[in-house]
Amino acid sequence: MSAETHLEGRKVVIHDMSLRDGMHAKREQMSIEQMVSIATALDDAGVPLIQVTHGAGLGGNSLQHGFAPHANEDYIAAVAGKMKRARISVLLIPGLGTMKELQSAYDAGARSVHVATHCTEADTSPQHIAFARKLGMDTSGFLMMAHLNTAEGLAQQGKLMESYGAQTVYITDSAGYMLPGDVKARVSALRAVLKPETEIGFHGHHNMGMGIANSIAAIEAGASRIDASVAGLGAGAGNTPTEVFVAVCERMGIETGCDLFKLMDMAEDLIVPLMEHMVRVDRASLTLGFAGVYSTFLLHAKRAGERFGIPARDILVELGRKKMIGGQEDMIVDTAMTMAKERGLLKDAKAYG
Amino acid sequence: MKKIRCALIGSGNIGTDLIYKIQRSRVLEPVWMAGIDPASEGLARARELGLKTTAEGVDGLLPHVREDGIQIAFDATSAYVHAENSRKLNELGVMMIDLTPAAIGPLCVPPVNLREHADKVEMNVNMISCAGQATIPIVNAVSRIQSVAYGEIIASLSSKSVGPGTRANLDEFTYTTSNAIEVVGGARKGKALAIINPADPPMMMRNTIYCLTDDEPDQPRITESIMKMIAEVQRYVPGYRLVNGPLFEGRKVSVFMEVAGLGDYLPKYAGNLDIMTAAATRTAEMFAEEIIAGKIQLKPLEVA
């Protein structure tokens, strides 16, 4: 029996990331009109969950992560009011976003949340997960940069998030580093320890071209929620492309409830025209996947590289070597400056007094 | 020379590290440590180092305050119990240095506003947070030259140096530090971000400070002010180091700092904990110097 057949009839919930991870690819510059038109098309295509937030989530508007033209609440309220079936979700990274911001996102219409921590730091999320549940939100624990922890380690971290109240636990391949075997091992380890009613999710990046293959591997190991993005609009080489994933699911008999042709059309007609750069596997995004670096670092590294005369690839490799994690975008400019000094391209600041 | 006698409340990492810093001081002497767990490593170490200890918490300490002449107490417990600890000790004329996020007293960053607090003989001062101590001097160094519309700081902490209390209450850290960037740093709006990095070997504490000035930044004057401020902090935290910057881009000023600890009780990478204990010790020393010189006198506080 082939691998394709045994997944027949499995139900998978697609969670679209175009309006959150996609914000990274747009340098956080998306208008409310763009968000509403994309979300309306997703809703019309039957996508059940749509994430709408600054790329770095609630509290993301900052010098560190860039300022979007509008507040998260404004995007959420504008989109939520137009949805016929889809629910709106948000991202919250403790240390950046707070419970106050979660409350105002809820007030604006958000009903689901990814509470995200680095893959070894789940114990920074108890108050946020508990608060999301108190609000009655569909609550996921989101373990980022999951390639940096073992399957057993992730299982323990996921168990912690479940104990705080998470209804779904995600394996998040923020660097697009994992191969299908890595994903299977991690999802299986989670499945073995979590309660049967706790769902497992997978969030992929396509930096090594593995977005679809990894998502299918996750489903085979027991995942039932998959994060994806139309035309892959997301950080690095983008997320698992929603329309491609839905096509593969249709061929395998996995039920997503989404309309493939509508998704294909919106990818071509809505998403691709607004890309500022082709979101694809290229030299820099492949470096992210190969070196295991946080996908969001890509555009920051390109900018810092241009400014200080250091190739983006060199900066990304150095960030990987120094084990920098998501949120440490400030260390990109810092690293570029240190490298520029070593290469004689920049001088130390001296006191004027 | 006369030394001011001190008590430490809380026998965790911070309390234990404080013993070493206070023992080195010319004007302070650690006399008591109060904990709540008789088996705690901190209390055992305090006894080894010659301190008197109680496992009955602050109540175990109170009967000894007068006879042992305790004048300054450091609270390294939690925000939940600090107010009560402070009330009980203030009533006996003991000045409190608060290392919890409770912040019932004024916020203190030594090179920015310690002088002011000592002159007012404040009976309770709060040390904000590790990130606050590491970054607010820089925000202030910019805002004392020209007005800062917005200050943002990013503190990267090694996972091993962040205790369970901070982890479970990360929002309190965010709120306290953001507020202090405004109140003490002098930025009209403040924002604090914390990142916990699990790299092994652990990374040194890193801090990035961004300031948006209202007008074009005066580069030479701001650079000079920052360099002077760094030298001020280095007097009590020798491992406070400028790595890169100041970098000027339009109205944005970026400064990239590293904080290495002294490695007393906590390892060097835990610069975040070290800068708290060092700032708290510096604060106590200023009060102690004034008391010894007869310039100020601590009085029992009637608390309603």
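Rules used in this analysis
- Positions within a chain are numbered from 1, following the residues in the order the chain's sequence is written.
- Ligands are numbered from 1 and chains lettered from A, in the order in which they are written.
- Local features in a predicted model are, by the rule used here, given only for residues with pLDDT of at least 70; side-chain atom pairs are given and counted only at 80 or more, and totals for whole chains, interfaces and linings are based on all residues.
- Each helix corresponds to a stretch of at least 4 residues labelled H or I by DSSP, and each strand to a stretch of at least 2 residues labelled E; elements are numbered beginning at the N terminus.
- In this description the radius of gyration comes from C-alpha coordinates, and the expected globular size is given by 2.2 Å times residues to the power 0.38.
- Labels follow a simple rule on C-beta atoms placed from the backbone: if 20 or more others lie within 10 Å of a residue's own, it is buried; if 12 or fewer, it is exposed; otherwise it is partly exposed.
- By definition, residues are in contact whenever their C-beta atoms, placed on the basis of the backbone, come within 7 Å of each other.
- Strand pairing follows a simple DSSP-based rule, namely that at least 2 bridges must link the two strands.
- To define axes, lines are fitted to C-alpha atoms, for helices over the stretch in contact only, and angles between the resulting N-to-C directions are given on a 0 to 180 degree scale.
- If the strands point away from the viewer and the path from the first strand over the helix to the second runs clockwise, then the crossover is right-handed.
- Ten residue types, Ala, Val, Leu, Ile, Met, Phe, Trp, Tyr, Cys and Pro, are classed as nonpolar, four, Asp, Glu, Lys and Arg, as charged, and the remainder, Gly among them, as polar.
- One less than the number of residues in a helix, times 1.5 Å, gives the span that helix is expected to have.
- Each domain's limits were defined by an automated method or a database of domain assignments.
- Any angle that is under 35 degrees is reported as roughly parallel, and any over 145 degrees as roughly antiparallel; angles of 65 to 115 degrees are reported as roughly perpendicular and all others as oblique.
- Two helices that cross are described as forming a left-handed crossing if the nearer one is turned anticlockwise from the farther one by less than a right angle, and a right-handed crossing if clockwise.

Remarks on the overall build of chain B
Across its full length, chain B holds 10 helices and 11 strands. Against the 2.2 N^0.38 benchmark of 19 Å for 304 residues, chain B shows a C-alpha radius of gyration of 19 Å, consistent with a compact globule. Along the first, second and third principal axes, the C-alpha set of chain B runs to 60 × 45 × 35 Å. Considering chain B as a whole, with its 304 residues, one finds that 56% of them fall into the buried category. Taking as baseline every contact in chain B between residues at least 6 positions apart, the subset at least 24 positions apart corresponds to 70%.

Some remarks on the overall build of chain A
When helices and strands are counted, chain A shows 14 helices and eight strands. Its C-alpha atoms give chain A a radius of gyration of 19 Å, within 12% of the compact-globule value 20 Å for 353 residues. Seen along its three principal axes, the alpha-carbon backbone of chain A occupies a region of about 70 × 40 × 40 Å. Out of the 353 residues in chain A, the part that is buried amounts to 59%. Here the contacts in chain A between residues at least 6 apart in sequence split such that 77% fall between residues at least 24 apart.

Some thoughts on the sheet that holds strand E2 (residues 49–51) of chain A
Residue and element names in this part refer to chain A. Judged by pairing direction, the barrel is parallel, and its eight strands sit side by side in the order E1-E2-E3-E4-E5-E6-E7-E8 before closing back on the first. Taking the axes of each pair of neighbouring strands and ignoring which way they run, one obtains an average angle of 25° across the sheet. Where strand E7 (residues 199–203) meets strand E8 (residues 225–228), three bridges bridge the pair, whose relative direction is parallel. Bridge pairing in E8 places His203 opposite Asp227. Sheet strands in contact with helix H8 (residues 211–220) are strand E6 (168–172), E7 and E8, and its direction is about 170° off that of E7.

Structural notes on the pairing of strand E5 (residues 95–98) of chain B
Residues and elements named next belong to chain B. The side-chain alternation of E5 yields two buried faces, one formed by Met95 and Ile97 and the other by Met96 and Asp98. One ladder, built from four bridges, connects strand E4 (residues 70–75) with E5; its direction is parallel. Note on E5: the bridge partner recorded for Ile72 is Met95. A crossover links E4 with its parallel partner E5, the connecting element being helix H4 (residues 79–90), and its sense is right-handed. Where E5 and strand E6 (residues 124–126) come together, three bridges link them in parallel fashion. Across the sheet, residue Ile97 finds its bridge partner in E6, namely Val125. In this region the chain leaves E5, passes through helix H5 (residues 110–119) and returns to the parallel neighbour E6; the handedness of that crossover is left-handed.

Considering the interface of chain A and chain B
On the chain B side, the residues contacting the 29 residues of chain A number 33 residues. Those elements that provide at least two residues to the side of chain A that touches chain B are helix H5 (126–134) and helix H14 (330–342) of chain A. With six residues, H14 of chain A is the single largest residue contributor to the side of chain A that touches chain B. Its residues assigned to classes, the side of chain A that touches chain B shows 12 nonpolar, 12 polar and five charged.

A few points about the pairing of strand E2 (residues 28–34) of chain B
Counting buried positions along E2 of chain B yields six of seven residues, so the element is predominantly enclosed. The β-α-β motif built from E2 of chain B, the intervening helix H2 (residues 41–48) of chain B and the parallel element strand E3 (residues 52–54) of chain B has right-handed crossover chirality.

Let's talk about helix H6 (residues 151–164) of chain A
For the α-helix, the turn length of 3.6 residues means that residues three or four positions removed from each other point alike. Residues and elements named next belong to chain A. Taking 1.5 Å as the rise per residue, H6 with 14 residues should run 20 Å; its terminal C-alpha atoms sit 20 Å apart, in good agreement. Within the sequence span of H6, burial applies to Leu154, Ala155, Gln157, Gly158, Met161, Glu162 and Tyr164. Looking at the packing, one finds that the buried side of H6 touches H5, strand E5 (138–144), E6 and helix H7 (180–193). Just downstream of H6 lies Gly165, where phi reads positive at about 125°.

A look at the domain arrangement of chain B
Residues and elements named next belong to chain B. For chain B, the domain assignment lists domain 1 (4–127 + 277–292) and domain 2 (130–269). At the interface, 20 residues of domain 1 touch 21 residues of domain 2. At the level of secondary structure, the elements contributing two or more residues to the side of domain 1 that touches domain 2 comprise helix H1 (13–24), H5 and helix H10 (271–292). With five residues, H1 is the single largest residue contributor to the side of domain 1 that touches domain 2. Looking at the side of domain 1 that touches domain 2, its residues break down into 12 nonpolar, five polar and three charged.

Things to note about the sheet that holds E5 of chain B
Sheet strands pair via backbone hydrogen bonds, and the direction of the pair is either parallel or antiparallel. Residue and element names in this part refer to chain B. If you trace the six strands from one edge of the open sheet to the other, you get E3-E2-E1-E4-E5-E6, paired in parallel fashion. Two strands close off the open sheet at either side, each with one partner strand: E3 and E6. Ignoring which end each strand starts from, the neighbouring axes of this sheet average 25° apart.

Some details on the domain arrangement of chain A
All names here are of chain A. According to the domain assignment, chain A consists of domain 1 (5–274) and domain 2 (296–342). Spacing between the C-alpha centres of domain 1 and domain 2 amounts to 26 Å. Listed as interface residues are 14 residues of domain 1 and, on the opposing side, eight residues of domain 2. Of the residues assigned to the side of domain 1 that touches domain 2, the class counts are five nonpolar, eight polar and one charged.

Observations concerning the environment of Val27 of chain B
Locating Val27 of chain B in the fold gives a position in the loop between H1 and E2. Separated by 221 residues in the primary sequence, Val27 of chain B and Phe248 of chain B have C-alpha atoms spaced 41 Å apart.

Digging into unusual backbone geometry
A cis amide bond links Asp200 of chain B to the next residue, Pro201 of chain B, at an omega of 5°. When you line up the elements, Pro201 of chain B lands in the loop between strand E8 (187–197) and strand E9 (205–213). The step from Gly245 of chain B to Pro246 of chain B runs through a cis peptide bond, and the omega angle for that step is -5°. Even without a glycine there, the phi angle at Glu28 of chain A is positive, about 70°.

Regarding the environment of Arg5 of chain B
All names here are of chain B. Within the fold, Arg5 resides in strand E1 (residues 4–9). A residue is classified by how many C-beta atoms lie within 10 Å of it, and Arg5, with 18 of them, is partly exposed. Discounting residues that sit within four places of it in the chain, Arg5 has contacts with Glu29, Val31, Asp68, Gly69, Ile70 and Gln71.

Structural notes on the packing of helix H2 (residues 32–44) of chain A against helix H10 (residues 260–274) of chain A
Residues and elements named next belong to chain A. Two elements in contact, H2 and H10, have axes whose closest approach is 10 Å; the angle formed by their N-to-C orientations is 170°. On the basis of the axis angle, H2 is roughly antiparallel to H10. As for how H2 packs across H10, the hand of that crossing is left-handed. When H2 is examined against H10, the residues Gln34, Ser37, Ile38, Ala41 and Asp44 are found in contact with a partner set consisting of Lys262, Met266, Leu270 and Leu274. When the residues that make up the contact of H2 with H10 are grouped by side-chain class, the tally is five nonpolar, two polar and two charged.

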